[in-house]
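In case you want the letters, here they are:
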Amino acid sequence: MTDDPAALLAYDRDHLWHPYSSALTAGVPYLVESASGIRLRLRDSDGGHHEVIDAMSSWWCAIHGYAVPALDAAARAQLGAMSHVMFGGLTHEPAIALGRRLVELTPAGLEQVFFADSGSVSVEVAMKMALQYHLAGGDRRTRFFTVRGGYHGDTFSPMSVTDPVSGMHSLFRGVLPEHVFAPRPPAGLDRGPDDPEMAAWERETRALYAAHADDIAAVIVEPVLQGAGGMHIWSPYAVSVLHALAREHGALVIHDEIATGFHRTGPLWGADHGAAIGVDLTPDILCVGKALTGGYLTLAAVLCTREVALGVSRGEAGGLMHGPTFMANPLACAIAVASLDLLRDNDAAAQVRRLHAGLTVGLAAARGIPAVLEVRTLGAVGVIQLREPVRVPEVTAAAIARGVWVRPFRDLVYTMPPYVTGDDDLERLCAGLVGAVGDVHG
Ligand SMILES: *Cc1c(COP(=O)(O)O)cnc(C)c1O
C-alpha cells in the first residue's frame, strides 16, 4: 500500500482535511506505515524512511504504546463476539465491565456513567447534564464559569468554555454562547493562599463570580494542568477556590480530566493533587477520554453523582437528552477494560514517577538555549516554552532527524510520552527535543 508515498501524499494534499488545516496551503504530513512499541515508522514525501520515538503518545492517548499484545488480544476476542451494537434498549458485558471499573476508579459518589464517542461529546453531555439538573429543579441557569486558558474541545459547547482568545470566540461571535471567564490562575502547583498573586487572583475571581452567581449552572475546569490551552500548571488550591464558589452558590462542578486522567499528571486524577493540601476536590461531573482505550479507538465517558443523575431524571424531559449512534461501542469498551488492567498491572503511578524524573533531568539542558523562556514538568508531561512562536515544520523535521516525533504548538515544544518509554529511549527523546529546539531556534 505504501509503495509510492509521494502519490499517496499528493492525494492527501488535494483531498483530505487535517486538524486546523487549510486547503490553500496544505502542510505536508508524514506517512505512517506502522507503529509498535513507542515507535512510528514514517515515510517522507521524498520516500525517505524514518523510525521515530513518539513523544506525543498520539495526542496523549497511546499510554501503553502501539501494537500492545494485551490490547490486540482484547480487540480480537471482542471482534469474535461483536464489534458494535446499538445501546438503545440493548446492553453488553464490555460496557458493564467498563462502567464498573470507572465507578471503582473514580472518587466515591461518582456512580452513574454515560459513554460518549469523543472527548468533545463528553463535555457536551456534561454541560447538558448541568443545565438539565438545574432546569429540573425549576432553576433556569444558562451560563458556565471557567478560567481563561482552558481547552475543552472543538464542538460548539466545549468551544464556548475554551479560552476566548486562543479559542475561536471572535470567529464565531453571535453563535457561541457567552460564558464567564475568570483570569487564568497563576502558574505553579504549589501556589497557596499566602501567595500574593494567588490572593489577587482569588479576589478578582470571587468578585466576578458574585456578579453572575445566580446564572451559573456549573464551574468547568481541567484540574491542575491546562493541556491544549497552553500546558499551564496551576494549583489544587486554585481549584479548591472554584469548588468553594460553586458550592456557596448552588452550582455544580465539572472536571474535564480528558487530558489529565489516568496518571498523566502523577496521581490517577489531576484532582487527586488536592490531597497534598488536604482538600477533597471531588466534582459532581467528571469527563474522561483520550487515554481511556490506550489510544486504540475513540471513546469517552461522563460520570456523575447519584444526585445529579436523579435530578436530571426528575425533569420534564424525563431523562438525559443525549444518545450517540456509537454510544458504548463494545470494541472500544473491551479494549478500554484491557487498558485499565494494564495500567494497574504495570503500576502506572510508578511509571509516571520514573518518567517525571527522566524528563526533569533530560529537558533541563534546554534552559541553556537563549530562545527558551521556561522548562517545566508535571507527572509524565515535559514542556519547553520559547520566547517566540515555534517554527513548527522546521522543529518537527529537526526532531525527526534526531529520531523523535513531536508536534509543537504556539510557543510550546512539549512531550507526553507513552508510559512504557524506557530510560534509554526517554534520554533519546529529551535529547532529540532539546537538540531540535537548539537546531532551529538556537
Ligand atoms: C482533547 C481534549 C478534549 C476533546 O477531546 P476530543 O476527543 O478531541 O473531542 C476535551 N478536553 C480536554 C481537556 C482535552 O484535552
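Residues numbered from 1 in each chain as written. Predicted model: local features only at pLDDT ≥ 70, side-chain atom pairs only at ≥ 80, totals over all residues. Heavy atoms only, no water.

## Side note on the domain arrangement of the chain
So, point 1. Here the chain is partitioned into domain 1 (5-64 + 347-441) and domain 2 (72-345).
So, point 2. Every contact between the two is made by 26 residues of domain 1 and, on the other side, 29 residues of domain 2.
So, point 3. Overall, the association of domain 1 and domain 2 removes approximately 2,200 Å² of surface from exposure, summing both partners, and the carbon and sulfur fraction of that is 65%.
So, point 4. Ranking the residues of domain 1 by area buried against domain 2 places Trp60, His64 and Leu378 at the top, with a combined share of 30%. (Domains from an automatic or database assignment. Contact = heavy atoms within 4.5 Å. Buried area = accessible area lost by both parts, 1.4 Å probe.)

## Concerning the layout of surface pockets
So, point 1. If you add up the space inside the second largest pocket, you get close to 370 Å³.
So, point 2. In this structure, the second largest pocket is lined by 19 residues; those nearest its centre are Gln112, Val113, Phe114, Leu320 and Met327.
So, point 3. Those elements that provide at least two residues to the lining of the second largest pocket are α4 (93-105), β4 (110-116) and α9 (306-314).
So, point 4. When residues of the lining of the second largest pocket are assigned to their parent elements, the largest contribution, 5 residues, is made by β4. (1 Å grid on protein atoms, 1.4 Å probe; cavity = no way out; pocket = protein on both sides within 12 Å on 5 of 7 lines; lining within 4 Å. Points joined across faces, edges and corners; volume = space filled by probe spheres on them. Helix = DSSP H or I, 4+ residues; strand = E, 2+ residues; numbered from the N terminus.)

## Digging into the pattern of salt bridges
So, point 1. Applying the stated criterion to the full structure yields 20 salt bridges.
So, point 2. One salt bridge connects aspartate 14 with arginine 13, and the closest N-O pair in it is separated by 3.3 Å.
So, point 3. Look at aspartate 14 and you get exposed, because its relative accessible area is 52%.
So, point 4. What makes arginine 13 partly exposed here is its relative accessible area of 46%.
So, point 5. Aspartate 341 is paired through a salt bridge with arginine 344; the nearest N and O atoms lie 3.4 Å apart. You can see aspartate 341 and its partner arginine 344 sitting in helix α10 (residues 330-345), 3 residues apart, about one turn around the helix.
So, point 6. A network of salt bridges, in which partner residues are shared, links Arg39, Arg41, Glu51, Asp425 and Arg428. (Salt bridge = Lys/Arg side-chain N within 4 Å of Asp/Glu carboxyl O. Buried < 20%, exposed > 50% of the residue type's maximum accessible area, 1.4 Å probe, protein only.)

## A look at the packing of aromatic side chains
So, point 1. What the rule picks out here adds up to 6 aromatic pairs.
So, point 2. Taking the centre distance of 4.7 Å and the plane angle of 55° together, the rings of phenylalanine 145 and tyrosine 209 count as tilted. Here phenylalanine 145 is found in strand β5 (residues 143-147), whereas its partner tyrosine 209 is found in helix α7 (residues 196-212), with 64 residues between them in sequence.
So, point 3. Owing to a relative accessible area of 0%, phenylalanine 145 belongs among the buried residues under this scheme. (Phe/Tyr/Trp six-rings, centres within 6.5 Å; stacked < 30°, edge-to-face > 60°.)

## Here we look at the side chain of serine 120
So, point 1. Here serine 120 shows up in helix α5 (residues 119-136).
So, point 2. One polar contact links the side chain of serine 120 to the main-chain amide nitrogen of aspartate 154, over a distance of 3.3 Å.
So, point 3. Dropping the residues within four chain positions of it, serine 120 is found in contact with His152, Gly153, Asp154, Thr155 and Pro158. (Polar contact = N/O pair within 3.5 Å; in protein donor to acceptor, adjacent residues only side chain to side chain.)

## Observations concerning the side chain of histidine 179
So, point 1. Structurally, histidine 179 can be placed in the loop between α6 (156-161) and β6 (180-182).
So, point 2. In terms of polar contacts, histidine 179 uses its side chain to reach the side chain of serine 160, at 3.3 Å.
So, point 3. If sequence neighbours within four positions are ignored, histidine 179 has contacts with Met127, Thr142, Arg143, Phe144, Ser160 and Val161.

## Quick word on the site of the ligand
So, point 1. Close to the ligand lie Trp60, Ser118, Gly119, Ser120, Tyr151, His152, Gly153, Glu222, Asp256, Ile258, Ala259 and Lys290, which account for all nearby residues.
So, point 2. The backbone of glycine 119 places a nitrogen or oxygen atom 2.9 Å from an oxygen atom of the ligand.
So, point 3. In this structure, an oxygen atom belonging to the ligand sits 2.6 Å away from a side-chain N or O atom of lysine 290.
So, point 4. Summarising the interface, the protein chains cover 82% of the accessible area of the ligand, which totals 380 Å² for the free molecule.
So, point 5. Taken together, the residues of the shell around the ligand break down into 4 nonpolar, 5 polar and 3 charged. (Near = heavy atom within 4 Å. Areas by Shrake-Rupley, 256 points an atom, 1.4 Å probe, with all protein chains shown as cover. Nonpolar A, V, L, I, M, F, W, Y, C, P; charged D, E, K, R; others polar.)

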